Amino acid sequence: MEDQKLVHEFLKSRSESAFLELYRSKTPHLYRMALRLTQDEYQSEELIQEMWVIAIRKLADFEWRSELKTWLIGILINLSRSKRKEKELSIEVTAEMAQEASMEMSFASAHDLENGISDLPPGYRQIIILHDIEGYKHKEIADLLDITEGTSKSQLFYARKALREYLSEDTSKGKSHE
Amino acid sequence: MSEEHLSEAEKKLFQALEKEKAPPKHVEKNILTQLEQEDLIKKTITMNNYVKWVASLAASILLFMGGMYYERANSENLNINEMVEIEPTKGYMLLLHEDANFAPGDPMAMFEEYKSWMENTFSRGVKITGQELKQEATLIKSGTEEVFPEDAEKKTTGYFLVEAGSMEEAIAVAKENPHVKYGGSVEVKPFMVREGM
């Protein structure tokens, strides 16, 4: 069932069954994302729990300016950030940066990549998840995180650089053992 | 390559990452509890839940009838008393009795029969709940402190509560109960609701 219909059904009845349909259609994706963000099962469960309670409180006011999934991700990310209280990076992308990240992840496996992502600082991890895994544009990420597009770009730059370094080290370690 | 773009190999790598993972079941339960506490959702009985619940109840009935535990149905661990509330003015108790004539059949077949009976009852709009009873009883009699074992001639092995429109409807439900087929008896008793109490 499409999102608008699921939400409409829920708001009409407020029934447990209508909520569960909504919950089960969205949660597996969000939980996977929460696991990547927090790298911790317990924290991820807490995030998902709090996210849904906030979402249901506000659902009647949701105006469909974005997809439901994006709105939920926004709540999830904000909860995650408020828990983490991490200082936001605000480095603008410069031309010189372009030359720094030249290594490739080509030789890594999905498993290596997952490990690499988990090794990133939380802010970088967040951007990689939103941009490279979820496919959001910098404008959308900026809206979601309440940052500028420039900040989103610069964070992605550093995140990819760190990830490539990690994977490159990992690959060369693997080769040296051969 | 530029940091602005992922290479094709990198894109494939990202695409290969797991996209979904179902959270543990207790997360769902915790959320439902919190939403119910805040009055943000109303508890409902879904057919899906009900089917699981009747399976659980059917299994518990068999537990004391056939003396066999049917693990499959208890896996959901549902609290049957939380599932259904009976409106007292429409309430009827169906007491299951058995004596020496009671001859339970194949547990699997009985399980399916009880399950179907409860599902059919629910489907026709008659709410139904029940409770497992242990295979032990103590009889307290006036004027003595002696404890007697349960009367072997008429053991009460379980009960159902139904919310029916009339005594006739409650009797119709009771007649279809598989307990009778296996030699047991079902006693139908309407709730007594006193005005102003």
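Residues numbered from 1 in each chain as written. Chains lettered and ligands numbered in written order. Predicted model: local features only at pLDDT ≥ 70, side-chain atom pairs only at ≥ 80, totals over all residues.

**Looking at the confidence of the model for chain B**
Residue and element names in this part refer to chain B. Defined as follows: Each residue carries a pLDDT score, the predictor's own confidence in it, on a scale running from 0 to 100. Elements are defined by DSSP. Helices are runs of H or I of four residues or more, strands are runs of E of two residues or more, and each kind is numbered from the N terminus. Whether two residues are in contact is decided by their C-beta atoms, placed from the backbone, lying within 7 Å.
For chain B, per-residue confidence averages 74 on the pLDDT scale, and 68% of positions sit at 70 or higher. Taking the mean pLDDT of every element in chain B, the minimum, 36, falls on helix α4 (residues 71–74) and the maximum, 94, on helix α7 (residues 167–175). pLDDT under 50 marks residues 63–82. Its contacts with residues more than four places away, or in other chains, come to 37 contacts. Predicted complex, confidence summary: ipTM 0.76, pTM 0.55.

**Focus on the nonpolar core**
The condition that has to hold: A set of buried residues qualifies as a nonpolar core if it consists of Ala, Val, Leu, Ile, Met, Phe, Trp, Tyr and Cys joined through C-beta atoms within 7 Å. Around each residue's C-beta, the other C-beta atoms within 10 Å are counted; 20 or more make the residue buried, 12 or fewer make it exposed, and counts in between make it partly exposed. All C-beta atoms are placed from the backbone.
Counting 45 residues, the largest nonpolar core has Phe19, Leu30, Ala34, Met51, Leu76, Ile128 and Ala159 of chain A as its most contacted members. Elements supplying a minimum of two residues to this core: α2 (16–38), α3 (41–58), α4 (68–84), α6 (110–119), α7 (122–133), α8 (138–145) and α9 (149–176) of chain A together with α2 (25–37) of chain B. For this core, the leading source of residues is α2 of chain A, giving eleven residues. For Leu30 of chain A, the residues in contact, after removing those within four places along its chain, are Ile48, Met51, Leu72, Ile73 and Leu76 of chain A. Ranked by size, the runner-up nonpolar core spans 14 residues in total, among them Tyr92, Leu94, Met110 and Met118 of chain B.

**Describing unusual backbone geometry**
A positive phi angle, near 55°, is found at Arg14 of chain A, a position not held by glycine. The class for Arg14 of chain A is partly exposed, based on 16 C-beta atoms found within 10 Å. The backbone of Asp39 of chain B sits at a positive phi, close to 60°, despite the residue not being glycine. Residue Asp39 of chain B is classed as exposed on the basis of its C-beta count, with 8 C-beta atoms lying within 10 Å.

**Points about α4 of chain A**
Residue and element names in this part refer to chain A. Cut-off, in case you're wondering: One fewer than the residue count of a helix, multiplied by 1.5 Å, yields its expected span. An arc is given here, and it is the one of the directions from the helix axis to the C-beta atoms.
In this model α4 runs 24 Å from its N-terminal to its C-terminal C-alpha over 17 residues, within 8% of the 24 Å that 1.5 Å per residue would give. Residues of α4 that are buried include every one of Leu72, Ile73, Leu76, Ile77 and Ser80, and no others. The arc enclosing the buried residues of α4, seen along the axis, measures out at 135°, which places them on a common side. In this structure, the buried side of α4 is in contact with α2, α3, α7 and α8.

**Description of α6 of chain A**
Along α6 of chain A, the residues classified as buried are Leu113, Gly116 and Ile117 of chain A. Seen end-on, α6 of chain A carries its buried residues on one side only, within an arc spanning 100°.

**Things to note about the packing of α2 of chain A against α4 of chain A**
In a packed pair of helices, the relevant descriptors are the angle between the two axes and the axis-to-axis distance. All names here are of chain A. In plain terms, the rule: Throughout, an axis means a line fitted to C-alpha atoms (over the contacting stretch in the case of helices), and angles, computed between N-to-C directions, take values from 0 to 180 degrees. An angle below 35 degrees is read as roughly parallel, one above 145 as roughly antiparallel, one from 65 to 115 as roughly perpendicular, and any other as oblique. Take the far helix as the reference: if the near one is turned anticlockwise from it by less than a right angle, the crossing is left-handed, and if turned clockwise, right-handed. Nonpolar residues are Ala, Val, Leu, Ile, Met, Phe, Trp, Tyr, Cys and Pro. Charged residues are Asp, Glu, Lys and Arg, and all others, Gly as well, are polar.
Running from N to C, α2 and α4 point in directions that differ by 30°, and their axes come no closer than 11 Å. In terms of their interaxial angle, α2 and α4 are classed as roughly parallel. Between α2 and α4 lies a crossing whose hand is right-handed. Contacts between α2 and α4 involve Lys26, His29, Leu30, Met33, Ala34, Leu37 and Thr38 on the former and, on the latter, Lys69, Leu72, Ile73, Leu76 and Ser80. In terms of residue class, the contact of α2 with α4 is built from seven nonpolar, three polar and two charged.

**Re the confidence of the model for chain A**
Residue and element names in this part refer to chain A. Looking at chain A as a whole, the pLDDT averages 83, with 81% of positions reaching at least 70. At the low end of the mean pLDDT range in chain A sits helix α5 (residues 97–100), at 44; at the high end sits α3, at 95. Within the model, pLDDT remains below 50 along residues 86–103, and this stretch shows 31 contacts once partners closer than five positions in the same chain are excluded.

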